[in-house]
Amino acid sequence: MSKSKRARPMKARFVSKTSSKAGTRTSAAPHQRTRANSKQARVLALLRRPNGATIAAIMVSTGWQSHSVRGFFAGVVRKKLGLTLASEKIDGGRVYRIAGGKPAANGPDPIATQPSA
């Protein structure tokens, strides 16, 4: 014969918490400064060059693997910093560069600062 399982008393669970860590956390967007000699700063400098950079060049500069470079593009460059990443295929290789960003992050609008004719 098999033994029947006894019903265990249920532990009381709290349905709602009075304070949540997620509610008190500040967003990371206002803090956009990077250290001068960090890998992030090196990658952004490569991407800001007029001719841009390939994933292979960024891999050599940082020591990252290709999937880490692409993750950096998506997570930091696009989402966290809000920059527009342009990609174009040149001579069989893909070149990435920063095309622009948030209007407030780029400084004054060059069209608005030009004198009218």
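Everything below is about the structure shown above.
None of these values were measured; they are calculated from a predicted model. Throughout this description, residue numbers start from 1 for each chain and increase along the sequence as written. For this predicted model, a pLDDT threshold of at least 70 governs which residues receive local features, and a threshold of 80 or more governs which side-chain atom pairs are given and counted, while totals over whole chains, interfaces and linings are taken from all residues. No hydrogens and no water enter the side-chain calculation; it runs on all heavy atoms of the structure.

### Here we look at the packing of aromatic side chains
What counts, and what does not: Whether two aromatic rings pair depends on their centres lying within 6.5 Å, for rings of Phe, Tyr and Trp, where Trp uses its six-membered ring; planes under 30 degrees apart make the pair stacked, over 60 edge-to-face, and the rest tilted. Remark: exposure states derive from per-residue accessible area (1.4 Å probe, protein chains only) relative to the maximum for the residue type, with buried under 20%, exposed over 50%, and partly exposed in between. Helix and strand definitions follow DSSP, with helices as H or I runs of at least four residues and strands as E runs of at least two, each counted in order from the N terminus.
Per the counting criterion, the structure on display carries two aromatic pairs. Considering the side-chain rings of Trp-64 and Phe-72, the 5.3 Å spacing of their centres and the 50° angle between planes classify their relative orientation as tilted. A relative accessible area of 22% means that Trp-64 is categorised as partly exposed. On the basis of an interplanar angle of 45° and a centroid distance of 4.9 Å, the ring pair of Phe-73 and Tyr-96 is categorised as tilted. Taken together, the residues Phe-73 in helix α4 (residues 66–80) and Tyr-96 in strand β3 (residues 93–100) connect sequence positions 23 residues apart. Its relative accessible area of 12% is what places Tyr-96 among the buried residues.

### Looking at the pattern of salt bridges
Filter applied, for reference: The term salt bridge refers to a pairing of a side-chain nitrogen on Lys or Arg with a carboxyl oxygen on Asp or Glu at a separation within 4 Å.
A complete count under the given rule lists one salt bridge for this structure. For Arg-97, the salt bridge goes to Glu-88, with nearest N and O atoms at 4.0 Å. Its relative accessible area of 30% is what places Arg-97 among the partly exposed residues.

### What to know about unusual backbone geometry
Non-glycine residue Asp-91 carries a positive phi angle of around 55°. When you line up the elements, Asp-91 lands in the loop between β2 (84–90) and β3. A relative accessible area of 80% places Asp-91 in the exposed class.

### Considerations on the environment of Val-69
We count it as follows: Note on contacts: a residue pair qualifies if any of its non-hydrogen atoms lie within 4.5 Å across the two residues.
When you line up the elements, Val-69 lands in helix α4. For Val-69, a relative accessible area of 1% puts it in the buried group. Considered as a pair, Val-69 and Met-59 are ten residues apart in the sequence and their alpha carbons are 7.1 Å apart. Contact partners of Val-69, with chain neighbours within four places excluded, come to Ile-55, Ile-58, Met-59 and Trp-64.

### Section: the nonpolar core
Filter applied, for reference: Buried Ala, Val, Leu, Ile, Met, Phe, Trp, Tyr and Cys residues form a nonpolar core when they are joined through side-chain atoms within 4.5 Å.
Among the nonpolar cores identified, the biggest contains 17 residues, and Leu-47, Ile-58, Phe-73, Val-77 and Leu-85 are the most heavily contacted of them. Mapped by element, the contributors of at least two residues to this core are α2 (39–48), α3 (55–62), α4 and β3. With five residues, the top contributor of residues to this core is α4. Among all residues touching Leu-85, those that are not within four sequence positions of it are Leu-47, Phe-73, Val-77, Arg-78, Tyr-96, Arg-97 and Ile-98.

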